[in-house]
Amino acid sequence: MSASPLILNGFIMNVVGHVSAGLWRHPADRATEYTQLDYWLHIARLLDEAGFDALFIADALGQLDVYGGNADTALRTAAQTPVNDPLLLVSAIAAATRHLSVGVTVSTTYEHPYLLARKFTTLDHLSGGRVAWNVVTSVLESAARNLGLAQQMDHDERYDRAQEFLDVTYKLWEGSWEDGAVVRDRARGVHVDPARVHPIGHAGKYFTVPGAHLSQPSVQRTPVIFQAGTSPRGREFAARNAEVVFLGGARPADIRESVAQIRERAVALGRAPDAIRFITAVTVVTADTAAAAQAKQETLLRYTDEDAALALFSAWTGVDWSRFDREQPLEYIETNAGRSALRNFTRIDADRRWTVGDVARYIGIGGLHPTFVGDPVTVTDALERYAEEAGVDGFNIAYAISPGSFEDFVTYIVPELRRRGRLAERPAQALTLRERLQGAGQRRLRDDHPGAAFRQLRGAAIPQAAA
């Protein structure tokens with residue numbers, strides 16, 4: 001097994017309850033402080049000092065109202081409801097840390113590329129190149145209803161729009177401003193050379209953006225592109241755009257299969273085999289001994305909430321699981337929501353038929369992702385084994401309780417990872433996120449990334465993306 005460092009991200013959401021259902025009720029949980037900046041800065045500084053690469057902040061743009069046909073359960077149980085904007089946390093976290101990056105989730109279905117490009121450029125400037133965009137297309141019908149659509153766009157059309165959205169942002173970030181456009185010549189009174197700033201002339205199916213980017217280029221120009229999605233369209237989108245792919249799944253073999261498919265497609269698009277890094281999510285319950293960790297797990301389980309779990313699962317799958325008996329065997333149902341969540345459970349174990357109640361209990365800690373319980377050596381062995389079996393480069397570390405789960409991971413697991421050479425050494429100088437992932441000096445998109453094709457504008461039309 002290779003001893004190369006693992007990518008480590010803290011996995012969180014600007015909410016009380018993220019992927020563990022009901023655990024906000026645990027007396028040690030402080031996630032109800034999510035509206036206070038000190039809560040976020042404590043977590044960010046903790047992860048920064050421990051050597052984590054990033055804080056990965058998930059997001060959703062609608063209430064979780066599939067379960068029972070309304071948001072009552074989600075509201076009552078704090079199942080990702082209410083939810084605050086993650087983008088507004090980035091500059092504060094960047095100011096409080098030196099090395100930690102922030103990957104922030106923003107949907108292409110309900111934003112506009114001209115405005116979002118400016119937001120990310122601003123954050124990339126302020127963070128010194130420590131920002132990533134987790135590109136999502138959104139799955140909640142409630143978001144569509146409240147953001148101007150009669151209903152959710154079809155699954156595959158959301159990806160069509162997303163690809164054009166990214167093409168526009170690539171044009172703005174990579175092609176609109178030349179290197180050297182900002183001259184800052186006080187003697188001549190010239191701050192920017194207008195001849196080196198170009199309109200992008202985009203006219204597409206979803207967006208018309210004729211003009212130039214509003215902002216001067218930032219450290220990375222394009223933020224690091226994260227993406228999650230394992231449907232056929234999601235894999236295609238990832239192969240074309242992603243620098244880091246977040247893959248869910250309860251079976252490492254399924255994750256490995258998705259890694260292979262995405263990498264193969266990326267190579268067919270002209271990208272190098274190592275152009276994309278892959279991560280998955282786990283939750284860790286640990287202590288100094290196996291017995292203490294197991295006791296901690298049993299205490300956590302007493303605070304889980306099956307209704308909250310099914311409110312989450314209903315939102316993720318687009319199926320109202322309140323209409324099913326808890327002993328009903330799970331079957332795959334095609335929906336217009338996220339398709340991988342339900343598919344994973346219907347094939348998780350060839351020797352077991354999962355029921356709705358089984359899923360509710362499984363989701364209680366860690367959501368759809370596995371939970372590792374044990375002492376530092378046992379858990380680190382499990383992380384290494386899972387990474388090897390799944391073919392991933394690292395993990396999003398989810399929490400059962402916050403910030404306690406992160407504090408335990410830093411106390412017990414980080415030293416063991418470091419001892420084994422599985423945690424990157426803190427660099428003497430701050431690096432951009434892309435440099436941490438691709439190597440020192442690689443601040444901008446690699447030349448083999450499709451977005452790099454949009455650098456060629458020199459007063460001519462920017463090339464359109466390949467179909």
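Predicted, not measured: the structure shown is a model, and the values here were computed from it.

Scoring rules and cut-offs
- Numbering of residues begins from 1 in every chain and follows the order in which that chain's sequence is written.
- Restriction of local features to residues with pLDDT of at least 70 applies here, the model being predicted, together with a cutoff of 80 or more for giving and counting side-chain atom pairs; totals for whole chains, interfaces and linings are based on all residues.
- Calculated side-chain values reflect all of the structure's heavy atoms, with hydrogen atoms and water omitted.
- Helix and strand definitions follow DSSP, with helices as H or I runs of at least four residues and strands as E runs of at least two, each counted in order from the N terminus.
- Taken over C-alpha atoms, the radius of gyration is set against a globule rule of 2.2 Å times the number of residues to the power 0.38.
- Accessibility here uses a 1.4 Å probe with only protein chains present; expressed as a share of the type maximum, an area under 20% marks a residue as buried, one over 50% as exposed, and anything in between as partly exposed.
- Contacts are assigned to residue pairs that have any heavy atoms within 4.5 Å of one another.
- Here, Shrake-Rupley sampling with a 1.4 Å probe gives the accessible areas, and only protein chains in the shown set may cover a residue.
- For the purpose of charge, His is not counted, nor are the chain termini; Lys and Arg are scored as positive and Asp and Glu as negative.
- Here the site of a charge means NZ on Lys, CZ on Arg, CG on Asp, or CD on Glu.
- Think of a nonpolar core as a cluster: buried Ala, Val, Leu, Ile, Met, Phe, Trp, Tyr and Cys residues, connected wherever their side-chain atoms sit within 4.5 Å.
- UniProt positions are given in the numbering used here, feature names are shortened, and annotations may be inferred rather than shown by experiment.
- Whenever a nitrogen or oxygen atom comes within 3.5 Å of another N or O atom, the pair is scored as a polar contact, on the condition that within protein one atom can donate a hydrogen and the other can accept it, and that pairs from neighbouring residues in sequence are kept only if both atoms are in side chains.
- Each helix should span, by expectation, one fewer than its residue count multiplied by 1.5 Å.
- In this scheme, the bend at a residue equals the angle between the axes fitted to the seven residues that finish there and the seven that begin there.
- pLDDT expresses how confident the predictor is about each individual residue, on a scale running from 0 to 100.
- Here the aromatic set is Phe, Tyr and Trp, taking the six-membered ring for Trp, and pairing holds for ring centres within 6.5 Å; pairs whose planes are under 30 degrees apart are stacked, those over 60 apart are edge-to-face, and all others are tilted.
- Throughout, an axis means a line fitted to C-alpha atoms (over the contacting stretch in the case of helices), and angles, computed between N-to-C directions, take values from 0 to 180 degrees.
- The scheme is simple: roughly parallel for angles under 35 degrees, roughly antiparallel for over 145, roughly perpendicular for 65 to 115, oblique for anything else.
- Three categories are distinguished: nonpolar for Ala, Val, Leu, Ile, Met, Phe, Trp, Tyr, Cys and Pro, charged for Asp, Glu, Lys and Arg, and polar for the others, with Gly belonging to the last.

With that out of the way, let us pick up the overall build of the chain. Each helix and strand counted, the chain has 15 helices and 13 strands in total. Scaling as 2.2 N^0.38, a compact globule of 467 residues should have a C-alpha radius of gyration of about 23 Å, and the chain matches this with 22 Å. In terms of its C-alpha atoms, the chain occupies a principal-axis envelope of roughly 70 × 50 × 45 Å. For the chain, the residues scored as buried account for 56% of the 467 residues in total. Within the chain, contacts between residues separated by at least 24 positions form 76% of all contacts whose residues are at least 6 apart in sequence. Put simply, the chain shows about 18300 Å² of open surface, and 50% of that area lies on carbon and sulfur atoms. Side chains of the chain give 50 positive and 56 negative charges; the mean places of these two sets differ by 5 Å.

Let us now look at the nonpolar core. The biggest cluster of nonpolar side chains holds 79 residues, and the ones touching the most others in it are Ile12, Phe52, Leu55, Phe120, Trp133, Phe395 and Phe409. Apart from the residues lying within four places of it in its own chain, the contact partners of phenylalanine 120 are Leu87, Val104, Val106, Val131, Ala132, Trp133, Trp173 and Pro223.

A few words now on the UniProt feature "binding site: FMN" (unreviewed entry) in the chain. According to UniProt, the positions carrying the feature "binding site: FMN" (unreviewed entry) are Asp59, Thr105, His155, Tyr159 and Ser231. The buried category is assigned to threonine 105, whose relative accessible area is 5%. When neighbours within four sequence positions are excluded, threonine 105 is seen to be in contact with Phe56, Ile57, Ala58, Asp59, Pro86, Asn134 and Val136. Here the side chain of threonine 105 touches isoleucine 57 through a polar contact of 2.7 Å, landing on its backbone oxygen.

Let's shift gears to helix α14 (residues 404-419). Taking 1.5 Å per residue, 16 residues should reach 22 Å; α14 reaches 23 Å between its end C-alpha atoms and fits that length. In the structure, α14 departs most strongly from a straight axis at isoleucine 413, where the bend amounts to approximately 40° and where the proline proline 415 lies between one and four residues downstream. Those residues of α14 that sit buried are Gly404, Ser405, Phe406, Phe409, Val410, Ile413, Val414, Glu416 and Leu417. The secondary structure elements touched by the buried residues of α14 are β1 (7-13), α1 (37-50), β11 (277-286), α13 (376-390) and β13 (394-398). Two residues or fewer after α14 comes glycine 421, characterised by a positive phi angle close to 75°.

What follows concerns α13. Over its 15 residues, α13 extends 21 Å from the first C-alpha to the last, a length consistent with the 21 Å expected when each residue adds 1.5 Å. Those residues of α13 not exposed but buried are Pro376, Val379, Thr380, Ala382, Leu383, Glu384, Tyr386, Ala387 and Ala390. Between the side-chain oxygen at the start of α13 and the backbone nitrogen of valine 377 there is a gap of 3.1 Å, and the oxygen is on aspartate 375. Two residues or fewer after α13 comes glycine 391, characterised by a positive phi angle close to 75°.

Right, let's talk about the confidence of the model for the chain for a bit. Confidence along the chain averages 91 in pLDDT terms, with 93% of residues attaining 70 or more. Overall, residues 335-339 carries pLDDT values under 50, and its contacts beyond four positions in sequence, including any with other chains, amount to 22 contacts. Here residues 461-467 scores under 50 on pLDDT; set against residues more than four positions off or in separate chains, the count is 15 contacts.

This part covers the packing of aromatic side chains. Taken as a whole, this structure holds 17 aromatic pairs when the rule is applied. Taken together, a centroid distance of 5.3 Å and an interplanar angle of 80° make the contact between phenylalanine 11 and phenylalanine 246 edge-to-face. Here phenylalanine 246 lies in strand β10 (residues 244-246) and phenylalanine 11 lies in strand β1, a separation of 235 residues in the sequence. For the pair shown, phenylalanine 11 and phenylalanine 246 are each scored as buried. The interplanar angle of 70° and the centroid separation of 5.5 Å between the aromatic rings of phenylalanine 56 and phenylalanine 246 together place this pair among those described as edge-to-face.

Within the element layout of this structure, serine 218 appears in the loop between β8 (208-209) and β9 (224-228). Here serine 218 falls in the buried class, since its relative accessible area comes to 5%. In contact with serine 218, other than residues within four places in its own chain, are Thr121, Asp124 and His125.

Turning next to the packing of α1 against α14. Between two packed helices, what matters for the description is the angle formed by their axes and the separation of those axes. In the contact formed by α1 and α14, the axes pass within 10 Å of each other and the chain directions differ by 10°. By the angle between their directions, the pair α1 and α14 is classed as roughly parallel. For the pair formed by α1 and α14, the contact residues are His42, Ile43, Leu46, Leu47 and Ala50 on the first element and Phe406, Glu407, Val410, Val414 and Arg418 on the second. Residue classes in the contact of α1 with α14 are distributed as seven nonpolar, one polar and two charged.

The next thing to look at is the environment of alanine 430. By the element assignment, alanine 430 lies in the loop between α14 and α15 (433-438). The exposure class of alanine 430 is partly exposed, given its relative accessible area of 37%. On a C-alpha basis, the gap between alanine 430 and aspartate 358 in space is 45 Å, while along the polypeptide they are 72 residues apart. Once residues lying within four places of it in the same chain are set aside, the contact partners of alanine 430 are Arg98 and His99.

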